[in-house]
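# Structural characterization, general
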Amino acid sequence: MKTLLLFLLTAVAEIVGCYLPYVWLRKGGSAWLLLPAAASLALFAWLLTLHPTASGRVYAAYGGVYVTVAIGWLWWVDAVKPTRWDLFGAALCLLGMGVIMFAPRTA
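A brief report on the enclosed structure follows. (Residues numbered from 1 in each chain as written. Predicted model: local features only at pLDDT ≥ 70, side-chain atom pairs only at ≥ 80, totals over all residues. Heavy atoms only, no water.)

### Digging into the overall build of the protein chain
Broken down by element type, the protein chain carries four helices and zero strands. Moving toward the C terminus, one meets the helices and strands of the protein chain in the order α-α-α-α. Viewed in the frame of its principal axes, the protein chain has a C-alpha envelope of about 50 × 35 × 20 Å. By the burial criterion, 29% of the 107 residues in the protein chain qualify as buried. For the protein chain, the accessible area works out to roughly 7,000 Å², and carbon and sulfur atoms hold 73% of it. (Helix = DSSP H or I, 4+ residues; strand = E, 2+ residues; numbered from the N terminus. Buried < 20%, exposed > 50% of the residue type's maximum accessible area, 1.4 Å probe, protein only. Areas by Shrake-Rupley, 256 points an atom, 1.4 Å probe, with all protein chains shown as cover.)

### A look at the nonpolar core
Ranked by size, the top nonpolar core spans 16 residues in total, and within it Phe7, Tyr62 and Met97 carry the most contacts. Taken together, the elements giving at least two residues each to this core come down to α1 (2–26), α2 (34–48), α3 (55–76) and α4 (84–102). (Core = buried A, V, L, I, M, F, W, Y, C linked by side-chain atoms within 4.5 Å.)

### So, the environment of Ala103
Take Ala103: it is sitting in the segment after α4. Given the relative accessible area of 26%, Ala103 is considered partly exposed.

### Some words on the packing of aromatic side chains
Overall, the coordinates contain seven aromatic pairs when judged by the stated rule. Geometrically, the ring pair formed by Trp75 and Trp76 is stacked, given 6.4 Å between the ring centres and 5° between the ring planes. On the accessibility criterion, Trp75 (41% relative accessible area) is partly exposed. Pairwise contacts between aromatic rings join Phe7, Phe44, Tyr62 and Tyr66 into one cluster. (Phe/Tyr/Trp six-rings, centres within 6.5 Å; stacked < 30°, edge-to-face > 60°.)

### So, α1
Counted at 1.5 Å a residue, the expected span for α1 with its 25 residues is 36 Å, and the 36 Å between its end C-alpha atoms agrees. Along its buried surface, α1 packs onto α2, α3 and α4. Of the residues one or two after α1, Gly28 is the one with positive phi, at around 75°. (Expected span 1.5 Å × (residues − 1). Contact = heavy atoms within 4.5 Å.)

### Regarding unusual backbone geometry
Phi is positive for Ala79, which is not a glycine, with a value near 60°. A relative accessible area of 66% places Ala79 in the exposed class.

### Remarks on the state of the cysteines
In the structure shown here, the tally under the stated rule is zero disulfides. In this structure Cys93 is a free cysteine whose sulfur lies 17 Å from that of Cys18, the closest cysteine sulfur available. Judged by its relative accessible area of 25%, Cys93 falls in the partly exposed class. (Disulfide = S-S within 2.5 Å.)

Printed below as a string of structure tokens:
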């Protein structure tokens, strides 16, 4: 559960860090949005270092969580209801994340 929560926080930090420049560039937001965006992306990078396994494995598994959180962002922030295919794809990504992160390992 701790791993999944850490992945969720990491994904939100990355999405916010990318969304704020989007708001600045595409929606006429203030350039001041770049400051919290940079802080959010720095937080994202730091959160990735907190995972207790090899970085390549963390990055691979994180991708599945990121896709799922992005689909949630689509729904909650962009107000676009995901299709069943969006949800199915996100579920497949989470399954892949689970296999990568929680498979038995030999020392």
